[in-house]
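Structural description and commentary
What follows is the residue order along each chain.
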Amino acid sequence: MCAGLPDLRLGNVPATSFTATLTERHGEAVERIPAPQRLVDWLAVYGLVVDSCADAQLELARELRESIDLAATAAALGDALPAPAVQVINDRSVQRRAAAILTPEGKRHWQLGPDARVEDALSVIAADVIEIIAGERDGKLVLCASPACRAAFFDASQSRTRKWCDMNTCGNRRKKARFNANRRRHSGPAE
């Protein structure tokens, strides 16, 4: 996307895709929104257009991201939701200056008001995760099977059997590792 910056991982669910702005949490972590403008770019992909982002707003976004990760992981494991994470999510949600708009295709789309701020966009993301954790959507929260990732993602597939947060990254890495291990195991000694 931007030269010198890691690619953004994008999905269909803004809340869990937002947590993917920090990947490989259990390996060598990759920060995908290292600067305020990068957050502006990510938000725009989801139709949450803001003009600018200050360093303090980026820190609010990261705090929300980490709170979503903690709460979604707990929900995926069936554990109690961490109270501090819930508080951050709720605090961001109530700051909303966004409206739900119905598209001609019958889908809900969030529209930020004029002079939208990063906080307005974050409130939409917080509302998204609240809806998911509260069980208001057809699907379930699952943890990625990659030991280096373990990101919570929302599985809305018909069978609810997805293993990877992103097949193009975590899934392909696992398949490649398995292929290479099998190849080494089945190759004879060098002559």
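Refer to the structure presented above.
Residues numbered from 1 in each chain as written. Predicted model: local features only at pLDDT ≥ 70, side-chain atom pairs only at ≥ 80, totals over all residues. Heavy atoms only, no water.

Our next topic: the packing of aromatic side chains. Per the counting criterion, the structure on display carries two aromatic pairs. Ring centres of Trp-42 and Tyr-46 lie 4.5 Å apart, and the angle between their planes is 35 degrees; this geometry places the pair in the tilted category. (Phe/Tyr/Trp six-rings, centres within 6.5 Å; stacked < 30°, edge-to-face > 60°.)

Our next topic: the pairing of strand S6 (residues 152–155). Alternating residues of S6 divide into Ala-152 and Phe-154 and Phe-153 and Asp-155, and every residue in both groups is buried. Sheet topology note: the strand S5 (residues 140–143)/S6 ladder contains four bridges and is antiparallel. Note on S6: the bridge partner recorded for Lys-140 is Asp-155. (Buried < 20%, exposed > 50% of the residue type's maximum accessible area, 1.4 Å probe, protein only. Helix = DSSP H or I, 4+ residues; strand = E, 2+ residues; numbered from the N terminus. Pairing = 2+ DSSP bridges.)

With respect to the secondary-structure elements, Gln-158 resides in the loop between S6 and helix H6 (167–186). Taking the C-alpha atoms as reference points, Gln-158 and Gly-139, 19 residues apart in sequence, are found 8.5 Å from one another.

Taken together, the buried positions of helix H2 (residues 36–45) are Pro-36, Arg-38, Leu-39, Val-40, Trp-42 and Leu-43. The inward-facing, buried residues of H2 abut helix H1 (14–19), helix H3 (55–77) and helix H5 (118–133). Following H2 by one or two positions, Gly-47 has its phi on the positive side, about 75 degrees. (Contact = heavy atoms within 4.5 Å.)

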